[in-house]
Amino acid sequence: MGQSRAFSAPGKALIAGGYLVLDPIYNSYVTALSSRMHSIVESDITTSTNGRRIKISSPQFKQGEWEYIIDGDKYFKDLKEINGRKNPFIEATIATILSYIQPKHNFNINITIYSDAGYHSQENTVSEVSSNGHKQFLYHEKAINEVAKTGLGSSAGLVTVLTIALLSYFEPQFNTNTSKHIVHNCAQIAHCYAQKKIGSGFDVAAAVYGSIIYKRFQPSLIEPFLTGDNVNNIDELKSLIESEWDFNHDQCTLPPKIRLLMGDIEGGSETPKLVSKILNWKREKLEESDLLYHNLNASNENLIKVLHDLHQFYNQDPEKYITEINQSHTSSSSPQFKALSDAINQIRLNLQSLTKLSGADVEPESQTELLDNCNLLAGSFGGVVPGAGGYDAICLLVIDQYIEDIIKETKHDEKFKNVTWLNLHEEEEGVKQENVEDYIGL
Ligand SMILES: Nc1ncnc2c1ncn2[C@@H]1O[C@H](COP(=O)(O)OP(=O)(O)OP(=O)(O)O)[C@@H](O)[C@H]1O
Ligand SMILES: C[C@@](O)(CCOP(=O)(O)O)CC(=O)O
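The structure reproduced in this document is the subject of the present report. On a predicted model such as this, the values are computed, not experimentally measured, just so you know. (Residues numbered from 1 in each chain as written. Chains lettered and ligands numbered in written order. Predicted model: local features only at pLDDT ≥ 70, side-chain atom pairs only at ≥ 80, totals over all residues. Heavy atoms only, no water.)

1. A word on the overall build of the protein chain
Secondary structure summary: the protein chain contains 13 helices and 15 strands in total. Over its C-alpha atoms the protein chain spans a radius of gyration of 22 Å, differing by no more than 12% from the 22 Å that the globule rule assigns to 442 residues. With 442 residues in all, the protein chain has 54% of them scored as buried. At a minimum sequence separation of 6, the contacts of the protein chain that also span at least 24 residues come to 75%. By element, 47% of the accessible surface of the protein chain is carried by carbon and sulfur atoms, the whole surface being about 20,100 Å². Of the side chains in the protein chain, 39 bear a positive and 57 a negative charge, and the two mean positions are spaced by 3 Å. (Helix = DSSP H or I, 4+ residues; strand = E, 2+ residues; numbered from the N terminus. Rg over C-alpha atoms; globule rule 2.2 N^0.38 Å. Buried < 20%, exposed > 50% of the residue type's maximum accessible area, 1.4 Å probe, protein only. Contact = heavy atoms within 4.5 Å. Areas by Shrake-Rupley, 256 points an atom, 1.4 Å probe, with all protein chains shown as cover. Lys, Arg positive; Asp, Glu negative; His and termini not counted. Charge placed at Lys NZ, Arg CZ, Asp CG, Glu CD.)

2. A short note on the site of ligand 2
Every residue close to ligand 2 is listed here: Lys12, Leu14, Gly18, Tyr19, Val21, Leu22, Ser200, Phe202, Val275, Gly387 and Ala388. In this structure, an oxygen atom belonging to ligand 2 sits 2.8 Å away from a main-chain N or O atom of Tyr19. Between ligand 2 and the protein, one listed contact pairs an oxygen atom with a side-chain N or O atom of Ser200 at 2.7 Å. For ligand 2, whose unbound accessible area comes to 380 Å², protein coverage reaches 79%. (Near = heavy atom within 4 Å. Polar contact = N/O pair within 3.5 Å; in protein donor to acceptor, adjacent residues only side chain to side chain.)

3. Some remarks on the side chain of Ser168
Structurally, Ser168 is set in helix 3 (residues 154-170). Residue Ser168 is classed as buried on the basis of its relative accessible area, which comes to 3%. Once residues lying within four places of it in the same chain are set aside, the contact partners of Ser168 are Arg5, Phe7, Val41 and Phe174.

4. Some points on the sheet that holds strand 14 (residues 419-421)
The 4 strands lie next to each other as 12-13-11-14, forming an open sheet whose pairing is antiparallel. Unpaired on one side and paired on the other, strand 12 (380-384) and strand 14 mark the two borders of the sheet. For this sheet, the mean inter-axis angle between neighbouring strands, taken without regard to orientation, is 30°. Taken together, the 3 bridges between strand 12 and strand 13 (residues 393-399) define a ladder with antiparallel strand orientation. Across the sheet, the residue bridging to Val384 is Cys395, located in strand 13. (Pairing = 2+ DSSP bridges. Axes fitted to C-alpha atoms, helices over the stretch in contact; angles between N-to-C directions.)

5. A word on the site of ligand 1
Around ligand 1, the surrounding shell holds 16 residues, and the nearest of these are Ser58, Gly151, Gly153, Ser154 and Ser155. In this structure, an oxygen atom belonging to ligand 1 sits 2.9 Å away from a side-chain N or O atom of Lys149. At 2.7 Å from an oxygen atom of ligand 1 is found a side-chain nitrogen or oxygen belonging to Ser155. Against a free-state accessible area of 640 Å², the protein chains account for coverage of 83% of ligand 1. Mapped by element, the contributors of at least two residues to the shell around ligand 1 are strand 6 (107-115) and helix 3. The dominant element in the shell around ligand 1, judged by the number of residues it contributes, is helix 3, at 3 residues.

6. What about the packing of aromatic side chains?
A full pass over the atoms with the stated rule returns 17 aromatic pairs. Aromatic pair Tyr314 and Tyr321: ring centres 5.1 Å apart, planes at 85°, arrangement edge-to-face. Take Tyr314: its relative accessible area is 29%, and that puts it in the partly exposed class. In this structure Tyr321 comes out as buried when scored by relative accessible area, which is 0%. An aromatic cluster of at least three residues, connected via ring pairs, comprises Phe313, Tyr314, Tyr321, Phe337 and Phe381. The lysine or arginine in question, Arg216, covers the ring of Phe217, its NZ or CZ lying 4.9 Å from the ring centre. Above the face of the Tyr293 ring, Lys282 is positioned so that its terminal group lies 4.7 Å from the ring centre. (Phe/Tyr/Trp six-rings, centres within 6.5 Å; stacked < 30°, edge-to-face > 60°. Lys NZ or Arg CZ within 6 Å of the ring centre and 35° of its normal.)

7. Side note on helix 11 (residues 335-358)
For helix 11, with 24 residues, the first-to-last C-alpha span of 34 Å sits near the 34 Å given by 1.5 Å per residue. Within the sequence span of helix 11, burial applies to Phe337, Leu340, Ala343, Ile344, Ile347, Arg348, Asn350, Leu351, Gln352, Leu354, Thr355 and Ser358. Once helix 11 finishes, Gly359 follows within two positions and takes phi at roughly 80°, a positive value. (Expected span 1.5 Å × (residues − 1).)

8. Some remarks on the nonpolar core
Ranked by internal contacts, the top residues of the largest apolar core, which has 130 residues, are Leu340 and Leu397. For this core, the element with the most residues is helix 3, which contributes 11 residues. Not counting the four nearest positions on each side in its chain, Leu340 is found in contact with Ile258, Leu303, Val306, Leu307, Leu310, Phe381 and Leu397. Ranked by size, the runner-up nonpolar core spans 6 residues in total, among them Ala6, Ile40, Tyr114 and Phe137. (Core = buried A, V, L, I, M, F, W, Y, C linked by side-chain atoms within 4.5 Å.)

9. Concerning the environment of Phe225
Along the chain, Phe225 falls in helix 6 (residues 223-226). Among the residues examined, Phe225 registers a relative accessible area of 6% and is labelled buried. Sequence separation between Phe225 and Ser366 is 141 residues; the distance between their C-alpha atoms is 43 Å. Beyond its immediate sequence surroundings of up to four residues, Phe225 is in contact with Phe76, Ile189, Tyr193, Asn230, Val231 and Leu237.

10. What to know about the pairing of strand 9 (residues 212-215)
Across 3 bridges, strand 2 (residues 28-43) lies against strand 9 in antiparallel orientation. Among the inter-strand pairings, Ser28 is bridged to a residue of strand 9, identified as Tyr214. As defined by bridge partners, strand 9 adjoins strand 10 (residues 248-251) across 4 bridges and the pair is classed as antiparallel. Looking across to strand 10, one finds that Lys215 is bridged to Asn248.

11. Thoughts on unusual backbone geometry
Notably, Asn124 is not glycine yet its phi reads approximately 50°, a positive angle. Of note, Asn124 is situated in the loop between strand 6 and strand 7 (125-129).

Written out as C-alpha cells, the structure reads:
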C-alpha cells in the first residue's frame, strides 16, 4: 500500500447491435474511443484518521467531492458521505470492492477522477494542462449531474477506473492484464447495483476490454444479488466476482486505414424512452419483431464478417489493400470495400424498418437524409446512428486520409449544418495503467 498509481479506461460507440445487445443471443460490435476516464489513487498522508476513510475528488465539476467514512462491515449500508452528497456509482463501486476485499486494517485513501473532453458537452469550460503537457482536461462551471452527456458511457468509465484503483490499492500485486475478469465482474456488478437494473453491460465491458465483439452475460447471474439483502452475502458475492462469466468479449479493431468519424447532432434523444418503446413493440408484435430482429442480426453479423475479411485482405497483401482502398470511393471500387458500404446500408435499411414498425425514432427521417448525404462524401463508406440511435449522433467509417477533406467539405454546407464532427478516434485498448507523473499540476 502507499505509492500512487494511475489508470484509465475508454469510452465507447456501439456501431452495430443497438437493442439486440440486450439479448444474450446476439453479437454486437463495440468500438473503444480515444476519450478516456482516469483515476489516480494514493494513501492520504496529510489528514490523520484512525478509522476507514475514502475520498473521491472529481475536480472538473462543481461540488465534485465525496468523502466516505466507513463504520461497520455491511458496506452497502455502512458507507456515510460526510456532507450527505449522493453519487450512486461511486457508492456502489466502493461497497462492492470493500465487500470483496474485506480489508482487515484501517485505511485513508484519496482517489482523483479526470475525464477526457469527449464525455460531456464542452460549453462553458476552461482547459487545464498537466505540468509535463501529457494530459489536458476541461473544467466545467456546473456539478456533474447538471452537465450534458454525449453518450460515451461516463458512468461505466467511472466505475471501471474506480474499481481498478481500489483493487490495486488493497492488493498492490494486482495485475491489470491477467485479472481483467475480476475488474470486469466487480465493475459490472457495481454498475448494475447503482442503476438498480441490469443493462446489457456493453459499456462496462468496453471500458475494461476495449474494442470488442460483445455478447452479453445472462442477467440471472446478477439478479439474485440485487434483490433483498443478498448484497451482504459475502461468500456469494466473492464467488460471483471470481467466476468466469459466460459472455463474448472478443477483441477487435477497425481494419487498417479505416477510421471512425463521430458527428454530434444538434438535438438529442432519451435512450430509456426509445428502449421502452422498442420493448413494448417487441412484446406486442412477436412475429413481426422476431423477423426484424433476425434480419437486423444477420446484417450486424455480416458487417462483423466484412470487417474481419478486410483484416485478412490486408494481412495477405497490404500493398494491394492500400491501392484498392484508395480507389474505393470511385466507380472502380473493389468488391471487398464495396461489401463494407453494402453492409452498412443493409443495417440502416433494417433500422429504418425498426423505426417504422415500432414507432421509436431509431433512424428518424432527418438522420436518414443526413446519412444518405454522408454516403456521397469522398472517402466515406457510410455511417449509422450508433447505440440506441435517435437524434444524438452519427458514426461514419471513412478512409483515414480523407478525414480532413470531409471536415472541410461539410463545414459550410447547409446539409451538414447540424453536425459537429468530434475529435475522437478508435483507441482499442481497454483499462490500463497510466503514468502518475502525467497528472501532476492539474
Ligand atoms: N467524471 C465524473 N465524476 C464523478 N461522477 C461521474 C463522472 N462521470 C460520471 N459520473 C457519474 O455517473 C452519472 C452519469 O451516469 P448515467 O448512467 O446517468 O449516464 P451514462 O449512461 O454513463 O451517460 P453517457 O453514456 O451519456 O456518458 C453522473 O451523474 C455521476 O453520478
Ligand atoms: C439501446 C441499447 O441497446 C444501447 C444503448 O446504447 P447507447 O448507450 O445509446 O450507446 C441499450 C443498452 O444496451 O444499454
